[in-house]
Amino acid sequence: MTSKTALITGITGQDGSYLAELLLSKGYTVHGVIRRSSGSGLGRIAHLVGDERDEEGRMRLHHGDLSDGARLIALLDRVVPSEIYHLAAQSDVHVSFEQPEYTGAITALGTTRLLEALRITGLPARYYQASSSEMFGATPPPQAEGSPLQPRSPYAVAKAYGYWMARNYRESYALHTVNGIMFNHESPRRGEAFVTRKIARAAARIACGQQRFLDLGNLEARRDWGYAPEYVEAMWRMLQRDRADDYVVATGTSHSVRDFVTFCFEHVGLDWERHVRFDDRYVRPADVAELVGDASKAQRVLGWKPEVFAPELARIMTDAELEAAGRGKGPLPEERE
Ligand code: NAP
Ligand code: G4F
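Positions within a chain are numbered from 1, following the residues in the order the chain's sequence is written. For this description, chains carry letters from A and ligands carry numbers from 1, given in the order in which they are written. At least 70 in pLDDT is required for a residue's local features to be given in this predicted model, at least 80 for side-chain atom pairs to be given and counted, and no such filter applies to totals for whole chains, interfaces and linings, which use all residues. Computation of side-chain values covers all heavy atoms of the structure but excludes hydrogens and water.

- The protein chain is annotated in an unreviewed UniProt entry as GDP-mannose 4,6-dehydratase from Streptomyces pilosus.
- UniProt positions are given in the numbering used here, feature names are shortened, and annotations may be inferred rather than shown by experiment. Per UniProt, the protein chain carries the Catalytic activity (unreviewed entry) text "GDP-alpha-D-mannose = GDP-4-dehydro-alpha-D-rhamnose + H2O".
- Among the UniProt annotations of the protein chain, the heading Function (unreviewed entry) holds the following wording: "Catalyzes the conversion of GDP-D-mannose to GDP-4-dehydro-6-deoxy-D-mannose."

## Brief notes about the site of ligand 1
Here comes step 1: Definition of nearness: a residue and a molecule or strand are near each other if at least one heavy atom of the residue lies within 4 Å of the molecule or strand. Neighbouring residues of ligand 1: 23 residues in total, closest T12, R35, L87, S91 and Y155.
Here comes step 2: Side-chain polar atom of R190 to a nitrogen atom of ligand 1: 3.2 Å apart, as the coordinates give it.
Here comes step 3: Working definition of accessibility: Shrake-Rupley area with a 1.4 Å probe, residue cover restricted to the visible protein chains. In the complex, 87% of the free accessible area of ligand 1, which totals 890 Å², lies under the protein chains.
Here comes step 4: Labels follow the DSSP assignment, with helices taken as runs of H or I lasting at least four residues and strands as runs of E lasting at least two, numbered in each case from the N terminus. Of all the secondary-structure elements, those providing two or more residues to the shell around ligand 1 are α1 (14-25), β5 (126-132) and α5 (154-173).
Here comes step 5: Counting residues per element, the shell around ligand 1 draws most heavily on β5, at three residues.
Here comes step 6: Nonpolar residues are Ala, Val, Leu, Ile, Met, Phe, Trp, Tyr, Cys and Pro. Charged residues are Asp, Glu, Lys and Arg, and all others, Gly as well, are polar. Residue classes in the shell around ligand 1 are distributed as nine nonpolar, nine polar and five charged. Contacts described as polar in this section are N or O atom pairs within 3.5 Å, which, within protein, must combine one atom able to donate a hydrogen with one able to accept it, while residues neighboring in sequence count only if both atoms come from side chains.

## Let's talk about the state of the cysteines
Here comes step 1: The disulfide definition used here is simple: a pair of cysteine sulfur atoms within 2.5 Å. Inspection of every chain in the model, using the stated rule, returns zero disulfides.
Here comes step 2: Between C208, a cysteine without a disulfide, and C264, which holds the nearest cysteine sulfur, the sulfur-to-sulfur distance is 14 Å.
Here comes step 3: Partly exposed describes any residue whose relative accessible area lies between the buried limit of under 20% and the exposed limit of over 50%, with all areas from a 1.4 Å probe on protein chains only and scaled to the type maximum. We classify C208 as buried; its relative accessible area is 17%.
Here comes step 4: Relative accessible area serves as the criterion here: at 0%, C264 is assigned to the buried category.

## Concerning the sheet that holds strand β1 (residues 5-9)
Here comes step 1: Note on pairing: two strands pair once DSSP finds at least 2 bridges between them. One open sheet accounts for seven strands, arranged β3-β2-β1-β4-β5-β6-β11; its pairing is parallel. Of all the strands in the sheet, just β3 (59-63) and β11 (246-249) have a single pairing partner and so form its edges. Ignoring which end each strand starts from, the neighbouring axes of this sheet average 20° apart.
Here comes step 2: Here strand β4 (residues 83-86) runs beside β5; their pairing, made up of four bridges, is parallel. Bridging across to β5, E83 finds its partner in R126.
Here comes step 3: Contact between two residues is taken to exist if any of their heavy atoms lie within 4.5 Å; hydrogens are not considered. Angles shown run from 0 to 180 degrees and are taken between the N-to-C directions of axes, each axis being a line fitted to C-alpha atoms and, for helices, limited to the stretch in contact. Taken strand by strand, α1 contacts β1, β2 (29-34), β3 and β4, and its axis lies near 175° from that of β1.
Here comes step 4: The strands that α5 touches are β5, β6 (176-182) and β11; relative to β6, the one it contacts most, it runs at about 150°.

## Remarks on the UniProt feature "domain: NAD(P)-binding" (unreviewed entry) in the protein chain
Here comes step 1: Under the local residue numbering, the UniProt record ascribes the feature "domain: NAD(P)-binding" (unreviewed entry) to residues 7-317.
Here comes step 2: Between the first and last C-alpha atoms of residues 7-317 the distance is 28 Å; the span itself is 40% helix and 16% strand.

This is how it looks when you write it as structure tokens:
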């Protein structure tokens, strides 16, 4: 057990919630930055807040926003973290085409605000930057740390900016900044608009008679899908190294959106072709054709390797959706006309 203190931006997101659990289990005091909202907005971390087993109050939340640099400085001053995990972002690629300016203001410049806060306060904290495989864009697979960045969306451009700023602050000011270049990672806590969750949820709901059709865009895109709880472990391992560096985290395998649909629908005993419809609203102005990560450096240096691959991930996510839809565990019998 440790007495370290961590600050997590984006603690209410998929990764932030798993990372908070991991760090609390290791004895950290965990401070999370949350946005004010009209609801509680704490869904994924509600079980960690006010937990009566947390007698020492090791889980603490603070209002803040990536648009507010002064607040970030004040928070670092107050929390004095030894590790900072910068996960907050406008993380939806499709939305980034609709809101490119906002995506730049938060996902790109929000990173600079936090790095500046770290530089100005002079804290000796280690900093994790949530970089993305989306930055590789048009670069053919396999993609590794040295592969060219050819971003194909406003989100990817913003992430490439954040990636370079984290490196720039390492080189210019000797800050301990680390880029985790994470390929797609999913879980039952994934946002509902992302394709894996949307598919798993629809398969379960259709099997339960709660939905009839699933509308999707590009079925041919191929992604390297891993399991989010394993990926936050890699984030933590990166910050335990004395040398700041950049790492790809991926499974090294890719599947198409069509494959993921097949995995989920087969798991509930349904023929997906009877339920999936094409909807051009979900087609992007530009898409990334294929991502397959080469995570050999993470395996060699961090001792990290994936255990869950896309077919099992699809089953985990579909089972969680079946549970939510009230039908217990799959698979279900073949549907009738
Ligand atoms: P997510 O579920 O979309 O979570 C994003 C988090 O950022 C949420 O906590 C959100 O708060 C917060 N946030 C958004 N705008 C903010 C703002 N203006 N100020 C403060 N907080 C803000 O994302 P994720 O899947 O956990 O991913 C974590 C990070 O890794 C993101 O930076 C993402 O771009 C990156 N990444 C993800 C993947 C992946 O496959 N999941 C792969 C590579 C990189 P609210 O709850 O209030 O919205
Ligand atoms: O699930 P997606 O929206 O994820 P995408 O665009 O790969 O981005 C995710 O992974 C990145 C890492 O590479 C992260 F940095 C980023 O924050 C995010 O977590 O879409 C995956 C693929 C795309 O090719 C998309 O065009 O699925 C295709 N797709 C087809 N129909 C769809 C749909 N995507 C969504 N969201 N919804 C659809 O109906």
